[in-house]
Amino acid sequence: MAIQDKTRTIPGGIAETQINPYAMMLQQLDMVREQTDIPAGIWEILRRPERALEVSVPVTRDDGTIEVFTGYRVQYSSARGPCKGGIRFHPGVTADEVKALAGWMTWKCAVVNIPYGGGKGGVICDPTRLSRGELERLTRRYTVAIFPLIGMRRDVPAPDVNTNSQTMNWIVDTAGLLSGEAVPGIVTGKSLELGGALGRREATGRGVMVAALGVLQRLGMDVTKTRVAVQGFGNVGSISAQLLAQCGARITGISDVSGAFHCPRGFEIDDVLRYVATSPGHLLAGYNGRGVEEIKSDEVLTLDVDMLIPAALEAQITARNAQDIRAKIIVEGANGPTTPEADLILGERDVIIVPDILANAGGVVCSYFEWVQNIQCFPWEEEETNQRLAQILQRSLNEVWTLAEKRGISLRLAAFVLGVERVASAIQLRGIFP
Ligand code: GLU
């Protein structure tokens, strides 16, 4: 399968060279293969999703017309537990993207050793063009379409790009009506009132911060002397920036789909957060703080900083720009932001990359805590959640770092080896039915 597909334009104006994320994930798996002695037959299982569903989602628009959207839910693996992974609403969603994201969820849950397999869902749509009512109808109809697949012990969705606690609330309500009983554990990332967990909204950003601090500490670097650029200012990017700034880091670059900004003296992140809380579409466009200059959108990746946090979409760091990246540390808040080719280029330049399946695992780890609380009907204090989250991520970083050092391989390869071996072992222990 070719990695480089074709150039396409995503509604919303972003022209990009489409890199096939599933081909990208398979390439990553090929590199793991050389590091393990997993039998050939098991590899054939690991390379494909267990189940992939495509659904059509008709929605009555506010003007009375009907628009039919396409959605997906992919269950990549249930070997280690129920499938787990978010749902994204984005014009760039494809069947292969959802497959890749479901695969990455599988390795992610295994690296941090929580009892889940991996899954993912998506709907091809541009949520900025939909009213709240239209979004609600889209979400509810999509829930009905994937209802045969999801369930607390089967497959548990969560928020992802352009979805949030409100989306999860609509899903839990629709699923509850369809099943005739309360099903809080069918999704995570819900509002607190419906069984959500304290700390879940911040959890992915918090995990990014824990991973970033862990690397700085290992490299003997001082966080207060660290300059950070963050690509993406949604849930992951904004909270990572806020928490790292609270630790003393200087956030000197930020961006989102609407624009990119540079502030050499460091952004006042709380001020930026106040701005996007009320700006059109919650976007950065028009932000104008002290000492802030607007830059070209791609430039946020190549600023002169110590640490780069890509927290937007896949395939942002590619063979085209890898050479120009000046950060010595990359902490991947997004899923799949770095292509395998870019990985090689950055590896040769000794850039340290904390891979997505470890760095952004804070979200799903906290989802796991939410699910446990739903099963037990017993909510935790936020402090307990944050403490346990940090513990799991620090332990996982330690395991990955130790393996990488022992074998002389990258953190990404080490994380994949750990995750994939755990999944392979679960498959082998279960045996092949019948
Ligand atoms: N969407 C998040 C991720 O990519 C969270 C998934 C979850 O909590 O299930 O890791």
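The coordinates are above.
Rules of the game
- Residues numbered from 1 in each chain as written.
- Predicted model: local features only at pLDDT ≥ 70, side-chain atom pairs only at ≥ 80, totals over all residues.
- Heavy atoms only, no water.
- Helix = DSSP H or I, 4+ residues; strand = E, 2+ residues; numbered from the N terminus.
- Buried < 20%, exposed > 50% of the residue type's maximum accessible area, 1.4 Å probe, protein only.
- Pairing = 2+ DSSP bridges.
- Axes fitted to C-alpha atoms, helices over the stretch in contact; angles between N-to-C directions.
- Phe/Tyr/Trp six-rings, centres within 6.5 Å; stacked < 30°, edge-to-face > 60°.
- Lys NZ or Arg CZ within 6 Å of the ring centre and 35° of its normal.
- Right-handed = clockwise from strand over helix to strand, strands pointing away.
- 1 Å grid on protein atoms, 1.4 Å probe; cavity = no way out; pocket = protein on both sides within 12 Å on 5 of 7 lines; lining within 4 Å.
- Points joined across faces, edges and corners; volume = space filled by probe spheres on them.
- Nonpolar A, V, L, I, M, F, W, Y, C, P; charged D, E, K, R; others polar.
- Near = heavy atom within 4 Å.
- Polar contact = N/O pair within 3.5 Å; in protein donor to acceptor, adjacent residues only side chain to side chain.
- Expected span 1.5 Å × (residues − 1).
- Contact = heavy atoms within 4.5 Å.

Asker: Before we go on, may I ask you to explain unusual backbone geometry in this structure?
Answerer: Keep in mind that most residues, glycine aside, have a negative phi and that most peptide bonds are trans. Cis geometry marks the peptide bond from Phe-433 to Pro-434, where omega comes out at 10°. A positive phi is found at His-282, a non-glycine position, where the angle reads about 55°. Checked against the element boundaries, His-282 lands in the loop between α8 (269–278) and β12 (293–295). Positive phi values are uncommon outside glycine, yet Cys-377 reaches one of about 50°. With respect to the element layout, Cys-377 can be found in the loop between α11 (362–376) and α12 (382–407). With a relative accessible area of 67%, Cys-377 lands in the exposed category.

Asker: Can you help me understand the sheet that holds strand β10 (residues 250–256) in this one?
Answerer: Two strands in a sheet stick together by hydrogen bonds in their backbones, pointing the same way (parallel) or opposite ways (antiparallel). Read from one edge of the open sheet, 7 strands run β12-β11-β10-β9-β13-β14-β15, paired in mixed fashion. Both edges of this open sheet fall to β12 and β15 (352–354), since each of them pairs with a single strand only. Ignoring strand direction, the axes of neighbouring strands in this sheet form an average angle of 20°.

Asker: I'm lost on the packing of aromatic side chains in this one. Help?
Answerer: Working definition: an aromatic ring pair is given by the centre-to-centre distance plus the angle between the planes. Scanning all chains against the criterion turns up 9 aromatic pairs. On the numbers, 6.5 Å between centres and 85° between planes, the contact of Phe-261 with Tyr-287 is edge-to-face. In this pair, Phe-261 sits in strand β11 (residues 259–262) while Tyr-287 sits in the loop between α8 and β12, placing the two residues 26 residues apart along the sequence. By relative accessible area, which is 7% here, Tyr-287 ends up buried. Ring plane angle 35° and centroid distance 4.9 Å describe the contact between Phe-369 and Trp-380, whose orientation is recorded as tilted. Taken as a pair, Phe-369 in helix α11 and Trp-380 in the loop between α11 and α12 lie far apart in primary sequence, 11 residues in all. Accessibility expressed as a relative area gives 3% for Phe-369, which makes it buried. Grouped by ring-pair contacts, the aromatic residues Tyr-116, Tyr-368, Phe-369, Trp-371 and Trp-380 constitute a single cluster. Stacked on the ring of Trp-401, the Lys or Arg Arg-218 has its end atom at 5.4 Å from the ring centre. Across the ring face of Trp-380, the terminal group of Arg-388 is positioned such that the distance to the ring centre comes to 5.1 Å.

Asker: Even after reading the chapter, I still don't get the pairing of strand β9 (residues 227–231), so can you show me in this structure?
Answerer: Remember that side chains alternate between the two faces of the sheet whenever the strand is regular. Within β9, 4 of the 5 residues are buried, which leaves it mostly tucked inside the rest of the structure. As paired elements, β9 and β10 share 5 bridges and run parallel to each other. Paired with Val-228 across the strands is Ile-251, a residue of β10. Crossover connection from β9 via helix α7 (residues 235–246) to parallel β10: handedness right-handed. The pairing of β9 with strand β13 (residues 307–310) spans 4 bridges and is classified as parallel. Note on β13: the bridge partner recorded for Gln-231 is Pro-310.

Asker: I keep staring at the layout of surface pockets and nothing clicks. Help me out?
Answerer: There is about 560 Å³ of room inside the second largest pocket. In terms of lining, the second largest pocket is formed by 21 residues, of which the most central are Gly-347, Ile-409, Ser-410, Leu-411 and Arg-412. Taken together, the elements giving at least two residues each to the lining of the second largest pocket come down to α1 (21–33), α9 (340–348), β15, α12 and α13 (411–430). When residues in the lining of the second largest pocket are grouped by element, the largest group, 5 residues, is from α9. Taken together, the residues of the lining of the second largest pocket sort by class into 13 nonpolar, 3 polar and 5 charged.

Asker: Just to check I follow, could you spell out the site of the ligand for this structure?
Answerer: Around the ligand, the structure places 14 residues, and the nearest of them are Lys-84, Lys-108, Pro-159, Asp-160 and Ser-367. Contact distances for the ligand include 3.0 Å between an oxygen atom and a side-chain N or O atom of Lys-120. Put simply, the parts of the chain that give the shell around the ligand at least two residues each are α3 (95–111) and α11. Ranked by the residues each element gives to the shell around the ligand, the list is headed by α11, at 3 residues. For the shell around the ligand, the residue count by class is 4 nonpolar, 5 polar and 5 charged.

Asker: Looking at this structure, I do not really get the pairing of strand β6 (residues 87–90). What am I missing?
Answerer: Here β6 shows two buried faces, one formed by Ile-87 and Phe-89 and the other by Arg-88 and His-90. Inspection of the sheet shows β6 paired to strand β7 (residues 118–124) by 4 bridges, in the parallel sense. Looking across to β7, one finds that Phe-89 is bridged to Val-123. Of the crossover connections in this fold, the one passing from β6 over α3 to the parallel β7 is right-handed.

Asker: So what exactly am I meant to see when it comes to the environment of Ala-95 here?
Answerer: Residue position: Ala-95 is located in helix α3. Linking Ala-95 and Pro-21, residues 74 residues apart in sequence, is a C-alpha distance of 10.0 Å.

Asker: For this particular structure, what's the right way to read α12?
Answerer: Because each turn of an α-helix spans 3.6 residues, side chains separated by three or four positions end up pointing in the same direction. In this model, α12 (26 residues) spans 38 Å end to end at C-alpha, consistent with the 38 Å of a helix rising 1.5 Å per residue. Taken residue by residue, α12 has Thr-385, Asn-386, Leu-389, Ala-390, Ile-392, Leu-393, Ser-396, Leu-397, Val-400, Trp-401, Leu-403 and Ala-404 as its buried positions. Residues of α12 that are buried make contact with α3, α6 (200–218), β15, α10 (356–359), α11 and α13. Taken from the residues just after α12, Gly-408 is the one with a positive phi, measuring 65°.

Asker: Would you take a moment to explain α7 for this structure?
Answerer: End to end, α7 covers 17 Å across 12 residues, agreeing with the expected 16 Å (1.5 Å per residue, within 8%). Every buried residue of α7 is accounted for by Val-236, Gly-237, Ser-238, Ile-239, Ser-240, Ala-241, Leu-243 and Leu-244. Positive phi appears at Gly-248, one or two residues downstream of α7, with a value of about 110°.

Asker: Honestly, the sheet that holds β6 in this entry has me stumped. Any pointers?
Answerer: One open sheet holds the 4 strands; their spatial order is β3-β4-β7-β6, and the pairing between them is mixed. Of all strands in the sheet, those with a lone pairing partner are β3 (51–60) and β6, marking the two edges. Ignoring which end each strand starts from, the neighbouring axes of this sheet average 20° apart. Here 10 bridges tie β3 to strand β4 (residues 66–77), and the two strands are oriented antiparallel to one another. Within the sheet, the bridge partner assigned to Val-57 lies in β4 and is Phe-69.

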